[in-house]
Amino acid sequence: MDSPSNKRRRVLDRLSDLPDCLLHSILSHLGSRQAAHTSALSRRWRHLWRDVPCGDIDEREFVNSSWVRFEDFADHLLTSIPPETQLDAFRLNLARGKDRQIYLGSVAVAADRWIRRGLQRFPAAVDICCSHYWNVAWREYESITPESPVSAAGFTRCLPTLRLVRVGIMADFGKDLGRYCPVLQELYVKRCDVHMDVVASPTLTSLTIIRPRLYGSEAGPLRIVAPRLASMLLVLSYIGWKDDRRVKDGASDPEPLALLAKASIQLMGLYEYRRDRYYWEAEKLLFVQSMCCFLALLPNVANLRLSGFTVEASLKKKSLQFPPLHNLKTLLLEECGVGTTFQILTSILRNTPNLEKLGLHHCIFLAAPPNEMRKKEQEASKSRPLFLWCKKLKSIEIKHQQEDQPRMLKVLSEIRDGMLRSWWRKVSISTTIV
């Protein structure tokens, strides 16, 4: 007969009454070391952590421990996974403490061993993040068994999700992406040492490339060949890039990304305090122009965010041409130049006839010399658009600094002049002064 204390304990411990599959799902959201500590809770939990379909090696859980202890734990964790287990996820996070002295060569060897062992369990998602190490590499992991020949896809042939942060990536990885990862759907690459000139995959639906550290003369123009791509995020810097290493439509006329519905492109690179500022200014103009050509490859994009599309003095001589995007409904311009006489903004409005939502956040206003500005304003006033735009515009969201308020009023006046009064009255305008 159970004592009252045992009955009370059984009532309070309702978590242990859940089936193993639910407990495994709960433990998969913990780090592997935390999951292993649950073995001390009760006999019910003693071996549950071993069957969790997730391998999580996180150095942040060993901040106050030695590297040897962390390495032993990671080796034990991966060797204790049953051979027949197929992982839902394999995560490796290396965040070396500032006071920890480690020979980086041993880190690279250990990381390569853990990645190989993790991939042997054919995980559905791989997440590798290296906060301080730069010599951890992602390479070809071929599966070689007596029963099967060498396969290029190898242990990644069932991999739909891959996330790489601050790791070295093998040459031709993007070009052979469809070969090494034949079912890959989501690719996330952030601040990686990579020679990437082409991203080609017949199955890729989501692509994120953030500040790749491109180097080497063999890197060509970045081209995206992904017929199923639906979402894309690019954060790129133009500083130090050569003409043949920019995102642009190459000589072979790349195919449009017909299924792409959502895209965000951010251009980075400051040169205001560089001695060779005007050289980089000319380089940035070419880079931004090549990006405008790239936008023409997104004919069906419905949601677009552009950031950093501006060039300073060069715009007084040349103007950027925005490609026609007839399916675009939501556009956010963040820290983008609108032109000395708003010629860039009007070019956008003319080429987005179905635009419904427009965001203007921290617009860049470029001041031309007084005589030139006066001449351009007179020409602009004489040549008002002969056609109307923004027939379906519903809302405008504005964020600007206090000193830019008079200029933003001119921007709104420019937009209003290209619309019928009945259309303009339906537009809701929200303004935030920061």
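Everything discussed here concerns the structure shown above.
Small disclaimer: the values here were computed from a predicted structure and weren't measured. (Residues numbered from 1 in each chain as written. Predicted model: local features only at pLDDT ≥ 70, side-chain atom pairs only at ≥ 80, totals over all residues. Heavy atoms only, no water.)

Concerning the environment of Ala230
Part 1: With respect to the helices and strands, Ala230 occurs in the loop between strand E11 (223-225) and strand E12 (231-237).
Part 2: Residue Ala230 is classed as partly exposed on the basis of its relative accessible area, which comes to 31%.
Part 3: Residues Ala230 and Leu257 lie 27 residues apart in sequence; the distance between their C-alpha atoms is 8.3 Å.
Part 4: Non-local contacts of Ala230, meaning those with residues more than four positions away in its chain, are made with Thr205, Leu259, Leu260, Ala261 and Lys262. (Helix = DSSP H or I, 4+ residues; strand = E, 2+ residues; numbered from the N terminus. Buried < 20%, exposed > 50% of the residue type's maximum accessible area, 1.4 Å probe, protein only. Contact = heavy atoms within 4.5 Å.)

Observations concerning the environment of Ile169
Part 1: Summarising the element assignment, Ile169 is placed in strand E6 (residues 168-169).
Part 2: Classification of Ile169 as buried rests on a relative accessible area of 8%.
Part 3: Separated by 24 residues in sequence, Ile169 and Asp193 have C-alpha atoms that sit 6.1 Å apart.
Part 4: Aside from chain neighbours lying at most four places away, what touches Ile169 is Trp138, Leu164, Val189, Cys192, Asp193 and Val194.

Some thoughts on helix H4 (residues 67-79)
Part 1: Given a rise of 1.5 Å per residue, 13 residues ought to cover 18 Å, and the 18 Å separating the end C-alpha atoms of H4 matches this to within 8%.
Part 2: Within H4, the full set of buried residues consists of Trp67, Phe70, Phe73, Ala74, Asp75, Leu77 and Leu78. (Expected span 1.5 Å × (residues − 1).)

So, the packing of aromatic side chains
Part 1: The full count for this structure, using the stated rule, is six aromatic pairs.
Part 2: Taken together, a centroid distance of 6.0 Å and an interplanar angle of 45° make the contact between Trp67 and Trp114 tilted. Taken as a pair, Trp67 in helix H4 and Trp114 in helix H5 (residues 104-119) lie far apart in primary sequence, 47 residues in all. Taken as a pair, Trp67 and Trp114 share a single burial class, namely buried.
Part 3: Put simply, the rings of Phe62, Trp67, Phe70, Phe73 and Trp114 touch in pairs and so form one group of aromatic residues.
Part 4: Across from the ring centre of Tyr188, 4.6 Å away, lies the NZ or CZ of Arg163, which sits over that ring. (Phe/Tyr/Trp six-rings, centres within 6.5 Å; stacked < 30°, edge-to-face > 60°. Lys NZ or Arg CZ within 6 Å of the ring centre and 35° of its normal.)

Describing the sheet that holds strand E8 (residues 193-194)
Part 1: The strand order across the open sheet formed by three strands is E4-E6-E8, and the pairing between neighbours is parallel. Two strands in the sheet have a free side with no partner beyond their single neighbour: strand E4 (137-138) and E8.
Part 2: As defined by bridge partners, E6 adjoins E8 across two bridges and the pair is classed as parallel. Among the inter-strand pairings, Gly168 is bridged to a residue of E8, identified as Asp193. (Pairing = 2+ DSSP bridges.)

Notes on unusual backbone geometry
Part 1: For Glu335, which is not glycine, the phi torsion reads 55° and is therefore positive.
Part 2: Mapped onto the fold, Glu335 is located in the loop between strand E15 (330-334) and helix H8 (343-350).
Part 3: Located in the positive-phi region is Cys390, a residue other than glycine, with phi close to 55°.
Part 4: Secondary-structure assignment places Cys390 in the loop between helix H9 (370-382) and strand E17 (395-400).
Part 5: Judged by relative accessible area, which is 1%, Cys390 ranks as buried.

So, the nonpolar core
Part 1: Ranked by size, the top nonpolar core spans 99 residues in total, and within it Trp114, Leu304 and Ile415 carry the most contacts.
Part 2: Apart from the residues lying within four places of it in its own chain, the contact partners of Ile415 are Leu345, Leu349, Leu358, Leu360, Trp389, Leu393, Ile396 and Trp424.
Part 3: Cys129, Val165, Tyr188 and Val235 belong to the second-largest nonpolar core, a separate cluster that totals five residues. (Core = buried A, V, L, I, M, F, W, Y, C linked by side-chain atoms within 4.5 Å.)

Side note on the side chain of Arg121
Part 1: Looking at the element boundaries, Arg121 is found in the loop between H5 and strand E3 (125-130).
Part 2: The exposure class of Arg121 is buried, given its relative accessible area of 13%.
Part 3: The residues contacting Arg121, other than those within four sequence positions of it, are Leu78, Ile81, Pro82, Pro83, Thr85, Gln86 and Leu87.

Thoughts on helix H10 (residues 405-417)
Part 1: For H10, which comprises 13 residues, the first-to-last C-alpha distance of 18 Å matches the rise-based estimate of 18 Å (1.5 Å per residue) to within 8%.
Part 2: Where H10 is concerned, the buried positions are Met408, Val411, Leu412, Glu414 and Ile415. For H10, the arc enclosing every buried residue in end-on projection is 155°, short of the 170-degree limit, so these residues lie on one face. Pointing more than 90 degrees away from the buried face of H10 are the exposed residues Leu409 and Lys410. (Arc of directions from axis to C-beta.)

Read these as geometric descriptors, not functional statements.
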